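One-letter residues, chain by chain:
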Amino acid sequence: HTIALDDNTQNVYPPFVFATSFDYSQFENGELQNKAQQTLSNFIGFVRQTFDGLLENGQALNSIYQNCIANSPKGKKIFDNWLASDDFGASRYIAKAAIEIYNWFSKLPKRLQSLVRANVQKWSVSALKQLTKVSHDLVKELVRSPKKTAAEIKEEGERERVREGEKEQSLTPISPTPPLL
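Residues numbered from 1 in each chain as written. Predicted model: local features only at pLDDT ≥ 70, side-chain atom pairs only at ≥ 80, totals over all residues. Heavy atoms only, no water.

Draft legend 1. The pattern of salt bridges, seen in detail. Across all of its chains, the model carries six salt bridges by this definition. The shortest N-O distance in the salt bridge between Asp-137 and Lys-140 comes to 4.0 Å. Here Asp-137 and its partner Lys-140 are both found in helix H7 (residues 136–144), three residues apart, which amounts to about one turn of the helix. On the basis of relative accessible area, Asp-137 is assigned to the exposed category, the value being 57%. (Salt bridge = Lys/Arg side-chain N within 4 Å of Asp/Glu carboxyl O. Helix = DSSP H or I, 4+ residues; strand = E, 2+ residues; numbered from the N terminus. Buried < 20%, exposed > 50% of the residue type's maximum accessible area, 1.4 Å probe, protein only.)

In structure tokens form, the structure reads like this:
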């Protein structure tokens, strides 16, 4: 199979052609086959990785996933096989992360979305993935600070969980067992 990007696509990257190994006829309708092939092209083609590009690709991948599970009892398996195919290669991790980050981001309050979008455009995929695992308050704090690594975010998240655990323990009333009469 060969996928070509033409000049009519919305992609800002130069046209390119590459071979695929996945059998796109597994997608049970032509429109979904084309959408999957175009999404793969866009995904592989986006070289300059920004947060907005990651969100855009995460949304497209999630849309294909939703279409797969809505239109076929084997939809999840077909989608998983597609992501596991050699077509994605080493980009599989980024594809899965893009979906996870998009789903997380789309559920954030609008103001927090704006704050995140304004501050994390050049963060690594690993760091962005760690952001999905911390509270909204910590997200605000982290994205307002200088660029963070995945390890730094993970460490902050662990500290936050410890603080939350300490708070819960301090809120638990400690009452002695009443004396038996």
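Back to the text.
Draft legend 2. A look at the environment of Arg-117. As for its position among the elements, Arg-117 is in helix H5 (residues 110–119). When the C-alpha atoms of Arg-117 and Leu-55 are compared, they prove to be 9.9 Å apart, with 62 residues separating the residues in sequence. Every residue in contact with Arg-117, bar those within four places of it in the chain, is listed here: Phe-51, Asp-52, Leu-55 and Phe-105. (Contact = heavy atoms within 4.5 Å.)

Draft legend 3. The packing of aromatic side chains, seen in detail. Per the counting criterion, the structure on display carries eight aromatic pairs. A centroid spacing of 5.7 Å and a plane angle of 85° characterise the contact between Phe-27 and Trp-82, whose relative ring orientation is edge-to-face. Taken as a pair, Phe-27 in the loop between strand E2 (17–19) and helix H1 (30–45) and Trp-82 in helix H3 (residues 75–84) lie far apart in primary sequence, 55 residues in all. You'll find Phe-27 and Trp-82 in the same group, each marked buried. The structure contains a cluster of three or more aromatic residues connected by ring pairs, namely Phe-22, Tyr-24, Phe-27, Tyr-65, Phe-79, Trp-82 and Phe-88. (Phe/Tyr/Trp six-rings, centres within 6.5 Å; stacked < 30°, edge-to-face > 60°.)

Draft legend 4. Quick peek at the side chain of Glu-160. As for its placement among the helices and strands, Glu-160 is situated in helix H8 (residues 150–171). In this structure Glu-160 is buried but unpaired, with Arg-161 as the nearest side chain of opposite charge at 5.2 Å. With sequence-adjacent residues up to four places away left out, Glu-160 is seen in contact with Val-134, Ser-135 and Leu-138. (Lys, Arg positive; Asp, Glu negative; His and termini not counted.)

Draft legend 5. Highlighting the environment of Ile-101. Counting through the fold element by element, Ile-101 comes out in helix H4 (residues 92–106). In this structure Ile-101 comes out as buried when scored by relative accessible area, which is 0%. Through-space distance from the C-alpha of Ile-101 to that of Gln-59 is 9.3 Å; in sequence the pair is 42 residues apart. With residues up to four places along the chain from it excluded, the contact list for Ile-101 reads Phe-51, Leu-54, Leu-55, Val-125, Leu-128, Lys-129 and Thr-132.

Draft legend 6. Structural detail: the nonpolar core. Ile-101, Val-116 and Leu-131 are the most contacted members of the largest nonpolar core, which has 26 residues in total. For this core, the elements supplying multiple residues, two or more each, are helix H2 (51–71), H4, H5, helix H6 (125–131), H7 and H8. Sorting elements by how many residues they give to this core places H4 first, with six residues. When neighbours within four sequence positions are excluded, Leu-131 is seen to be in contact with Trp-104, Val-120, Trp-123, Val-139, Leu-142, Val-143 and Ile-153. If you look at the next biggest cluster of nonpolar residues, it comprises 17 residues, including Tyr-24, Cys-68, Phe-79 and Phe-88. (Core = buried A, V, L, I, M, F, W, Y, C linked by side-chain atoms within 4.5 Å.)

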